[in-house]
Amino acid sequence: MTAAGRERTTAGPARSATGAAPSAADGALRPGAGGTNPDDGAATPPATDPARGALRRTLPPAVPFLTRRRGVLLRLGGWSLLESAQTFLGGYAVAAALDRGFLAGRPGVGLVWLALAAAAVVAGGTATERVFRRLADLVEPLRDGLVRRVVSSALSAAVAGQRRHTGHAAVSRLTHQTEAARDGFAGLVMVTRSFVFTAAGVVAGLAALAPALLVVVLPPLAAGLVLFAAALRPMATRQRDFLRTDEELAARLGSDVAGLRDIVACGAQARTEDAAGSLVDAQTRSARALARWAAVRTLALGVAGQAPVVLLLATAPWLLDRGVTAGELLGALTYLTQALLPALNTLMNGLGAAGTRLLVILDRLTGPGEPSAPGSTPAEAAVGRVPPRAAPRPKSRGAVTVPGRPAPPVAPPGESGDAAPGLELRSLSFSYGPGATPVIDGLDLLVEPGEHLAVVGPSGIGKSTLFGLVAGLLVPDRGQLLIGGRPVHRPDRDAFAAGRALIPQEAYVFGGSLRDNLLYLCPDGAPTASVEAAVHAVGLDRLAHWPGGLDTRIDPAALSEGERQLVALARAYLAPARLVLLDEATCHLDPAAEARAERAFADRPGTLLVIAHRLSSARRADRVLVLDGVTATAGRHEELLERSETYRDLVGHWQAG
């Protein structure tokens, strides 16, 4: 295969990363309206306590919900009183069996009291079974209401065109979040009810045995409950932070894996690593903060449940001096160890873990909706949100007027903005595996600095393979590949990798501001004028004109494939590379938008290679390289119509299309 030539035109600078856009995470429902608020939607402003906001949104609807079910609550309370009676008899019967029976020399009386305590346990079990039956009358309406809101919101959002993946989010809410809310609510009702009636039985029992026991037991119990109550809201906040950072990290890694080819091609591994590392650090911090508050919960349990036992034993001589009997002491210990401590443990674990998770889920399902279009809110997108280290903002943030002619892009360090590398292939060969038929076989090609070359050929003939070799993603079996006279190496081992850019068909766009996406491959930032010029040059003005301008928060899943390609093209236009490889990077654009983008790159300093899928794209190039699997022919459009049968067939197919 041989192809050589020397025509010159200017081409655009670029260095971009592309790949499949990350999926939006599941969201919440706006109260009383369609519209969603996934965690890639509006995040809580820093000055607002997420737990407080969740409580404000969740508690008002909860009051009428419970009020309408007073009958169910009364029946639950009635059966719970039997459990309270069981608790009361559990300690009182032990005290009576010891004082009035065994210590008094009447073992029969003691056995009767113990039998009474056993009967109370059986009655309590029956009451618990009835409680579970009535629980469904309280829990299932909650689930049904949440399901109705999910369906209504998803339909409204779909009709309004607010999200492209509303169905996926709705399925997740229907199958996971509503079920988790139902289970969490049921558990919350059970543990709260159990503790309230158990504590009532314990207090009544201690008062019946000896009021002096309350003087020892109540102060640490009250102190522990106050400490636990004070820790609930911070625990809910930390739980929310942990879930959010976990989802952010998952979304970011999924997005990076989808765009891995482009990230490697552009030598952006360190930058991508830094962005992911920031999210890992944030998740670690949130996990540690959650663990610290879990320790506070454990401390509260010790103060409320275990300190009374220790104090009761320590003050036993004082209590005995005031007429408390041995049986009453044993009964009090029975109350504390067999009833109060287990109930406290269940309550604090249930409220501290399941309760805070329930609060987060209900906040998602009933929280404020996300904006219907990019940029309608300045709040950060939680899923895929790019931390400051991952995408630094430029220092210049003032308003600018887009000039009639694009401002020059940022030049790489030590290189002038007019530098345009040439490309030379010498007997280049490549095959996918030993013994496989070569995809590129002995190709010789010379692309002059600043030349605009279009590569065409049938599908599967090796065009993308050729671009992968030029980008350094693939290693040739034989031959040499030189860019600017320097051998090409893998991007992570090539000091000059920043000077070339491969932009594949699937555009890599992450959740974050438009500015962050455009500056993704400009580590040192860029003036606002240059960013605006890149936006205008490739035709990305519509997104940039949303409220918020360049700081518009974009949801990749809400963008069309063409819009994502425009973001990637603008990023490439702004970046410092001087050899640009467009691997069908405009295939989702209409012909006019494609022409505008390609002309923008052709008007910029640099060398441009384009895999053409339209006749107009080939005709705009200085030369066309035709690959047909046997030979490679390069020349002008008019020359190839006479010399290449493959090119004539392609042109005929394009014209027919």
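In case you missed it, the structure is sitting above this.
Everything numeric in this text was worked out from a predicted model, so none of it was measured.

Quick look at the pairing of strand β11 (residues 607–611) now. Two faces make up the sheet, and in a regular strand the side chains alternate between them. Most of β11 is tucked away, with 5 of its 5 residues classed as buried. Across the two faces of β11 the burial is the same, with Thr607, Leu609 and Ile611 and Leu608 and Val610 all buried. Sheet topology note: the strand β4 (residues 452–456)/β11 ladder contains 4 bridges and is parallel. When the bridges of β11 are listed, His452 appears paired with Leu608. The sheet contact formed by strand β10 (residues 579–582) and β11 spans 4 bridges and is parallel. Bridged to Leu582 within β11 is Val610. On the question of chirality, the crossover connecting β10 to the parallel β11 by way of helix α15 (residues 591–602) is right-handed.

Formed by 40 residues in total, the largest nonpolar core has its most connected members in Leu206, Leu213, Leu312 and Leu344. Broken down by secondary-structure element, the contributors of at least two residues to this core are α2 (70–102), α3 (107–160), α4 (166–209), α5 (211–258), α7 (269–314), α8 (316–321) and α9 (326–366). Within the second largest apolar cluster, 36 residues are counted, among which are Leu566, Leu569, Ala597 and Ala600.

Within the fold, Gln565 resides in helix α14 (residues 561–574). Judged by relative accessible area, Gln565 falls into the buried class, the value being 1%. When neighbours within four sequence positions are excluded, Gln565 is seen to be in contact with Gln505, Ala507, Glu584, Ala585, Thr586, Cys587, His588 and Leu589.

Glancing now at the packing of helix α12 (residues 528–538) against α14. Two numbers describe how α12 lies on α14: the axes approach to 9 Å, and their chain directions differ by 130°. With respect to α14, the element α12 is oriented oblique. In this structure, α12 crosses over α14, and the sense of that crossing is right-handed. Counted together, Ser530, Val531, Ala533, Ala534, Ala537 and Val538 of α12 and Leu566, Leu569, Ala570, Tyr573 and Leu574 of α14 form the full contact between these two elements. Class assignment for the residues of the contact of α12 with α14 results in 10 nonpolar, 1 polar and no charged.

For α14, built from 14 residues, the straight-helix expectation of 20 Å at 1.5 Å per residue is met to within 8% by its first-to-last C-alpha distance of 20 Å. The element α14 is largely enclosed, with a buried count of 13 among its 14 residues.

This brings us to the environment of Leu82. Inspection of the secondary structure assignment puts Leu82 in helix α2. In the structure, Leu82 is positioned 41 residues away from Ala123 in sequence and 7.1 Å away in space, judged by C-alpha atoms.

Where α14 contacts α15, the axes come no closer than 11 Å and their chain directions differ by 10°. By the criterion of interaxial angle, the relationship of α14 to α15 is roughly parallel. On the side of α14, the interface is formed by Leu569, Ala572 and Tyr573, while α15 contributes Ala597, Ala600 and Phe601. Residues belonging to the contact of α14 with α15 are distributed by class as follows: 6 nonpolar, no polar and no charged.

Topologically, Arg623 is positioned in strand β12 (residues 623–627). For Arg623, a relative accessible area of 3% puts it in the buried group. At 2.8 Å, the side chain of Arg623 forms a polar contact with the backbone oxygen of Leu446.

Attention now goes to the packing of aromatic side chains. Enumeration over the complete set of coordinates arrives at 7 aromatic pairs. With 6.1 Å between their ring centres and 55° between their planes, Tyr508 and Phe510 make a pair best called tilted. Given the relative accessible area of 0%, Tyr508 is considered buried. Counting every residue linked through ring pairs, the aromatic cluster contains Phe88, Tyr92 and Trp113.

Attention now moves to the pattern of salt bridges. For the structure shown, the criterion picks out 10 salt bridges. The closest approach of N and O atoms between Arg623 and Glu451, which form a salt bridge, is 2.4 Å. Remark: Glu451 occurs in the loop between β3 (440–447) and β4 and Arg623 occurs in strand β12; sequence separation between them is 172 residues. In this structure, Arg623 and Glu451 share a single accessibility class: buried. Salt-bridge contacts for Glu594 lead to Arg620; the nearest nitrogen and oxygen are separated by 3.7 Å. In this pair, Glu594 is assigned in helix α15 and Arg620 in helix α16 (residues 615–620), connecting sequence segments 26 residues apart.

A sheet is described by the order of its strands in space; here 6 strands give the open sequence β7-β10-β11-β4-β12-β13, paired in mixed fashion. Looking at strand neighbours, the two that pair on one side only are β7 (500–503) and β13 (632–635), the edges of this open sheet. The sheet shows a mean angle of 15° between the axes of neighbouring strands, direction not considered. In this sheet, β13 lies alongside β12 in antiparallel orientation, the contact comprising 4 bridges. Its bridge partner lying in β13, Val626 is registered against Thr633.

Criteria and thresholds
- Residues numbered from 1 in each chain as written.
- Predicted model: local features only at pLDDT ≥ 70, side-chain atom pairs only at ≥ 80, totals over all residues.
- Heavy atoms only, no water.
- Buried < 20%, exposed > 50% of the residue type's maximum accessible area, 1.4 Å probe, protein only.
- Helix = DSSP H or I, 4+ residues; strand = E, 2+ residues; numbered from the N terminus.
- Pairing = 2+ DSSP bridges.
- Right-handed = clockwise from strand over helix to strand, strands pointing away.
- Core = buried A, V, L, I, M, F, W, Y, C linked by side-chain atoms within 4.5 Å.
- Contact = heavy atoms within 4.5 Å.
- Axes fitted to C-alpha atoms, helices over the stretch in contact; angles between N-to-C directions.
- Parallel < 35°, antiparallel > 145°, perpendicular 65-115°, else oblique.
- Left-handed = near helix turned anticlockwise from the far one by under 90°.
- Nonpolar A, V, L, I, M, F, W, Y, C, P; charged D, E, K, R; others polar.
- Expected span 1.5 Å × (residues − 1).
- Polar contact = N/O pair within 3.5 Å; in protein donor to acceptor, adjacent residues only side chain to side chain.
- Phe/Tyr/Trp six-rings, centres within 6.5 Å; stacked < 30°, edge-to-face > 60°.
- Salt bridge = Lys/Arg side-chain N within 4 Å of Asp/Glu carboxyl O.

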